[in-house]
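A look at the structure
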Amino acid sequence: MIPAAFEYHRPTDMDGVLAVLAEHGDDARVMAGGHSLIPMMKLRMADVPHLIDLQDVGGMSDIELGSDSIRIGALVTQADIIDHEGLAKAAPILREAALQIADPQVRYMGTVGGNVANGDPGNDMPGLMQCLDASFTVVGPDGERDIPAREFYEAAYMTAREDDEVLTSVTIPMPKGGYAYEKQKRKIGDYATAAAAVQITKDGGSCASAAIAMTNLSDTPIFSDAAGAALVGTSLDDAALKVAVAAMLGDIDPTEDNRGPIAFKKHVAGVILRRAIERAWSRA
Amino acid sequence: MSNKMHIKLNVNGKDEEFLAEPRELLIYTLRERLNITGPHIGCETSHCGACTMTIDGKSVKACTMFVAQASGKSVTTIEGLGGPDDLHPLQSAFKEHHGLQCGYCTPGMITRAAKLLEENPNPSEEEIRFGMAGNICRCTGYQNIVKSIQAAATEMNAAKEAAE
């Protein structure tokens, strides 16, 4: 499996990256770890005449813990997320999700930036970032701008990032309360049949806030406002869980593929969401 | 056709320089160009782990890395771990505890296991299974592979203690 020929660029700063993008437009693609792009190139499903390798561009490999937010550089790998003790304390849902992505070798290479920027509905980080209300910083010829994760995904592989922009970092408001990332997959290394990211806060015995996002159940990740709203003010009794699951099922739009027919995917989505809510609640 | 580029690699301690097309996959570079045939080509889709090697301290599947990306890096393959007369403790343990089966997955298994034991010298069975999840054995010989890694860990820890 040999990909089509390409010109390889390895600039050492962002100006160099943007210059190649400006010169070649649609014919150029940036790559971080490459573990989404390279398989697509090998299968000749992606044609990339100009490949821009970001590995030598500095300033995108740090995890910064602020007092009210967390900034993660685009080149931070899933393995970096798993290994970072401070991050595991501040936002444990990130490690919980990262540990469920692919396998160790892929986690050494796969980056947070690549995972969220690619727009693959099967990727785990986009739904998680929507749950956490993260925003993505992109840089282009006109400078930097921030795009909320909940507004970033337009369709499969189509995002609010323009072709001449590069995603440089992810900023997450400091998460509060209980959390869970629950994922059903056929085997190690697979994408989700269904996955749910849940973050819940508690006030006394009732739910004060709930954020819910689902992975690989539509052509984009799905932030289900209605599912979260169904839990607020309840004690997460069975009736509330049923309403939340029904609300989520109204927001997703799965298609039949080799992971199963639509009815099966909806069933799994309900089971996974219920589990995730219960686990997040138990930790709130 | 893209232009060839000048590639520099350090493979098992030896510096290599050559011209290659950037699209050449690292696993092919090692096998076809440098005659390092320990790492195997299995699935070519980054699932099976037969091509696992250590690149700048990370376990990597070399079927999913372009030679251009690897330029300037240090690579360790099974050949860099031990030789016929000087087996790495993992190689001895795989031999001793029947972790080899047909042997096709073994170089990737051992290279990955070496990195795993470097990061976690006392892994539980569960940690071994989780840490080796990116390596598939088509003989499904996992039980003896786990046993072999456990035995090697014990051996390596004892040797380390004796040296201290």
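Residues numbered from 1 in each chain as written. Chains lettered and ligands numbered in written order. Predicted model: local features only at pLDDT ≥ 70, side-chain atom pairs only at ≥ 80, totals over all residues. Heavy atoms only, no water.

Broken down by element type, chain B carries 6 helices and 5 strands. When the helices and strands of chain B are listed from N to C terminus, the series reads β-β-α-β-β-α-β-α-α-α-α. Computed over C-alpha atoms, the radius of gyration of chain B comes to 16 Å, within 12% of the 15 Å expected from 2.2 N^0.38 for 164 residues, which places it in the range of a compact globule. Looking at the 164 residues of chain B, the share that counts as buried comes to 52%. For chain B, the share of sequence-separated contacts (at least 6 apart) that also reach a separation of at least 24 residues comes to 54%. Accessible area for chain B stands at about 7,700 Å²; split by element, carbon and sulfur atoms hold 48% of it. The distance from the centre of the 16 positive side-chain charges to the centre of the 20 negative ones in chain B is 7 Å. (Helix = DSSP H or I, 4+ residues; strand = E, 2+ residues; numbered from the N terminus. Rg over C-alpha atoms; globule rule 2.2 N^0.38 Å. Buried < 20%, exposed > 50% of the residue type's maximum accessible area, 1.4 Å probe, protein only. Contact = heavy atoms within 4.5 Å. Areas by Shrake-Rupley, 256 points an atom, 1.4 Å probe, with all protein chains shown as cover. Lys, Arg positive; Asp, Glu negative; His and termini not counted. Charge placed at Lys NZ, Arg CZ, Asp CG, Glu CD.)

Another aspect to go through is the domain arrangement of chain B. It is common to report an interface's size as the accessible area lost on association of the parts. Residue and element names in this part refer to chain B. Taken as a whole, chain B is organised into domain 1 (5-80) and domain 2 (89-163). In this structure, domain 1 and domain 2 have C-alpha centres spaced 22 Å apart. Taken together, the 18 residues of domain 1 in the interface contact 12 residues of domain 2. Between domain 1 and domain 2 lies a buried interface of about 1,100 Å² when both sides are counted; carbon and sulfur atoms form 54% of it. Summed over the shared surface of domain 1 and domain 2, the number is 0 salt bridges. (Domains from an automatic or database assignment. Buried area = accessible area lost by both parts, 1.4 Å probe. Salt bridge = Lys/Arg side-chain N within 4 Å of Asp/Glu carboxyl O.)

The subject of this paragraph is the interface of chain A and chain B. Contact with chain A, which involves 34 residues of that partner, is made by 36 residues of chain B. Summing both partners gives a buried area of about 2,600 Å² for chain A against chain B, and 60% of it is carried by carbon and sulfur. Contact with chain B buries area across many residues of chain A, yet M1, Q105 and Y108 of chain A alone supply 25% of it, more than any other trio. For the interface between chain A and chain B, the tally reads 1 salt bridge. When the shortest N-O distance is used, the salt bridge between K61 of chain B and D103 of chain A registers 2.6 Å. At the surface where chain A touches chain B, the tally comes to 15 residue pairs in polar contact (both at pLDDT 80 or more). For the side of chain A that touches chain B, the elements supplying multiple residues, two or more each, are β1 (7-9), α2 (37-42), β3 (50-53) and α6 (104-109) of chain A. Sorting elements by how many residues they give to the side of chain A that touches chain B places α6 of chain A first, with 6 residues. (Polar contact = N/O pair within 3.5 Å; in protein donor to acceptor, adjacent residues only side chain to side chain.)

Turning next to the environment of V30 of chain A. Residues and elements named next belong to chain A. Looking at the element boundaries, V30 is found in strand β2 (residues 28-31). The class for V30 is partly exposed, based on a relative accessible area of 23%. Measuring from C-alpha to C-alpha, the distance between V30 and H267 comes to 37 Å, with 237 residues separating the pair along the chain. Not counting residues within four places of it along the chain, the set of residues in contact with V30 comprises V17, L21, L37, I52, L54 and V166.

Glancing now at the UniProt feature "domain: FAD-binding PCMH-type" (unreviewed entry) in chain A. Under the present numbering, the feature "domain: FAD-binding PCMH-type" (unreviewed entry) in UniProt falls on residues 1-177 of chain A. A distance of 46 Å separates the end C-alpha atoms of residues 1-177 of chain A, which is 32% helix and 25% strand. (UniProt positions renumbered as here; feature names shortened; annotations may be inferred.)

This paragraph deals with the domain arrangement of chain A. All names here are of chain A. Assigned domains within chain A: domain 1 (7-53), domain 2 (63-173) and domain 3 (178-283). Of the residues lining the interface, 11 residues belong to domain 1; the matching set on domain 2 comes to 13 residues. Here domain 1 packs against domain 2, burying approximately 1,000 Å² in sum over the two surfaces, 69% of which is carbon and sulfur. Summed over the shared surface of domain 1 and domain 2, the result is 0 salt bridges. Taken together, the links from domain 1 to domain 2 amount to 0 residue pairs in polar contact (both at pLDDT 80 or more). Of all the secondary structure elements, the ones that give two or more residues to the side of domain 1 that touches domain 2 are α1 (14-24) and β2. The element that contributes the greatest number of residues to the side of domain 1 that touches domain 2 is α1, accounting for 4 residues. Partitioning the side of domain 1 that touches domain 2 into residue classes produces 6 nonpolar, 3 polar and 2 charged. (Nonpolar A, V, L, I, M, F, W, Y, C, P; charged D, E, K, R; others polar.)

Attention now goes to a nonpolar patch on the surface. A cluster of nonpolar residues, M1, L43 and M45 of chain A, forms a patch on the protein surface that exposes about 290 Å² of accessible area. Within the secondary structure, M1 of chain A is located in the segment before β1. (Patch = residues over 30% accessible without salt bridge, like charges linked within 9 Å, V, L, I, M, F, W, Y side chains within 5 Å.)

As a further point, take the pattern of salt bridges. Residue and element names in this part refer to chain A. By the definition in use, this model includes 21 salt bridges over all chains. The shortest N-O distance in the salt bridge between R95 and E85 comes to 3.6 Å. Of this pair, R95 sits in helix α5 (residues 92-98) while E85 sits in helix α4 (residues 85-90); the two residues are 10 residues apart in sequence, bridging distant segments of the chain. Here R95 falls in the partly exposed class, since its relative accessible area comes to 24%. With relative accessibility at 58%, the residue E85 sits in the exposed group. A cluster of three or more residues bridged by salt bridges with shared partners is formed by E96, E182, R275, R279 and R283.

On to the side chain of T29 of chain B. Residue and element names in this part refer to chain B. Within the element layout of this structure, T29 appears in helix α1 (residues 26-33). Looking at T29, the relative accessible area reads 0%, which means it is buried. Beyond its immediate sequence surroundings of up to four residues, T29 is in contact with L9, F18, E24, L34 and V67.

For the rest of this paragraph, the subject is helix α3 (residues 89-96) of chain B. Residues and elements named next belong to chain B. Taken together, the buried positions of α3 are occupied by L90, Q91, A93 and F94. Burial along α3 is one-sided: seen end-on, the buried residues are contained in an arc of 165°. Exposed side chains of α3 directed beyond 90 degrees from the buried face belong to K95 and E96. In this structure, the buried residues of α3 make contact with α4 (106-119) and α6 (142-163). H98 occupies a position one or two residues after α3 and carries a positive phi of about 60°. (Arc of directions from axis to C-beta.)

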